[in-house]
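Spelled out from the first residue to the last, the chains are:
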Amino acid sequence: MLRFDLISIFPEYLSPLKLSLLGKAQDKGLLAINIHDLRDQTTDVHHSVDDTPYGGGAGMVMSPVAWGDAIDQISSDADQIDLVILTPAGKKFNQKMAYEFSKSKQIIFACGRYEGIDARVGKYYMQQKNYKVHEVSIGDYVLGGGEVAAMVIIEAVARLLPGVLGNPDSLKEESHSIAGNKDESLVEYPNYTKPASWRGLDVPEILLSGNHGEIAKWRRSEAERRTRELEAE
Ligand code: JEE
């Protein structure tokens, strides 16, 4: 069973992880999500989590002491623990990474705040043979902290786990497009449902034809057109 552990100074901010889809998956024992308050995991007297940056500059940096204590405390005895450190300077998260993470045993998300976490935390755990460190960003914009980014990644990973998703057929379609395309895939074709005519807008004729070969061809060309349109921006 995949175990997710999240460490944050704002653990309440992560409470959506207990709701609906993921909550049910946890009840069914398909995955586990544990949320930890960084301050509770520190073992120093002051429970301090931040300090001024060496070399000067704006803002505060999160203490490697606090993070090291917390990560050690939470680590299982698995032979590989994936440590995900969220940072605007990380590798951009994508669907291929979601597939890789779905195979792991334990993923610890270090959700920083302020200017981020002292760089030695990543460096230290890279040197430990039972950890694999991933410095990850979810996109080219600046968030206030790592919590929302961790939730994005968990949502993308959890839906790939057997039994979590309602409809396994849609996963099959995805895995084909990703395997065949090395993630350089087309965007989706447009979807339609009933009624066939709505506020003067009709569903494309071809989709009502019952001709599955022609429908597949049309969807492919629509996906290509939309992909070209996005690339032109
Ligand atoms: C983790 C703290 C806030 C704000 C300064 C900003 C200067 C850190 N895709 C993503 N965007 N942002 C994050 C993310 C943000 C975080 C933390 C993740 C921890 N913060 C923060 C400002 C700055 N830099 C970039 O230009 C240089 C640093 C994220 C993810 N994942």
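Residues numbered from 1 in each chain as written. Predicted model: local features only at pLDDT ≥ 70, side-chain atom pairs only at ≥ 80, totals over all residues. Heavy atoms only, no water.

## Describing the site of the ligand
Close contacts around the ligand come from 19 residues, with L86, S137, G139, Y141 and L143 the closest. Between the ligand and the protein, one listed contact pairs a nitrogen atom with a backbone N or O atom of Y141 at 2.7 Å. Taken by itself the ligand offers 640 Å² of open surface, and the protein chains cover 75% of this. The set of elements that each furnish at least two residues to the shell around the ligand consists of β5 (81–92) and β7 (131–137). When residues in the shell around the ligand are grouped by element, the largest group, three residues, is from β5. Among the residues forming the shell around the ligand, the class breakdown is nine nonpolar, eight polar and two charged. (Near = heavy atom within 4 Å. Polar contact = N/O pair within 3.5 Å; in protein donor to acceptor, adjacent residues only side chain to side chain. Areas by Shrake-Rupley, 256 points an atom, 1.4 Å probe, with all protein chains shown as cover. Helix = DSSP H or I, 4+ residues; strand = E, 2+ residues; numbered from the N terminus. Nonpolar A, V, L, I, M, F, W, Y, C, P; charged D, E, K, R; others polar.)

## Here's the deal with the packing of aromatic side chains
This structure, assessed with the given rule, holds three aromatic pairs. Here the aromatic rings of Y125 and Y131 are separated by 4.7 Å at their centres, their planes lie at 65 degrees, and the arrangement is edge-to-face. As far as burial versus exposure is concerned, Y125 and Y131 are alike and both buried. Just above the ring of Y13 sits the side chain of R113; from NZ or CZ to the centre is 5.4 Å. (Phe/Tyr/Trp six-rings, centres within 6.5 Å; stacked < 30°, edge-to-face > 60°. Buried < 20%, exposed > 50% of the residue type's maximum accessible area, 1.4 Å probe, protein only. Lys NZ or Arg CZ within 6 Å of the ring centre and 35° of its normal.)

## Quick word on the nonpolar core
Counting 34 residues, the largest nonpolar core has F4, L6, L31, L86, F93, F109 and I153 as its most contacted members. Elements that contribute at least two residues to this core include exactly β1 (2–8), α1 (20–27), β2 (31–37), β5, α4 (95–101), β6 (106–110) and α6 (147–158). The contacts of F4, once residues within four sequence positions are left out, are L31, A32, I33, N34, I107, F109, I154 and V157. Counting residues in each nonpolar core, the second largest holds 21 residues, with A78, I108, A110 and V121 among its members. (Core = buried A, V, L, I, M, F, W, Y, C linked by side-chain atoms within 4.5 Å. Contact = heavy atoms within 4.5 Å.)

## Here's the deal with the domain arrangement of the protein chain
Domain boundaries assigned for the protein chain yield domain 1 (1–157) and domain 2 (172–230). Placing the centre of domain 1 and that of domain 2 at their C-alpha centroids yields a distance of 37 Å. (Domains from an automatic or database assignment.)

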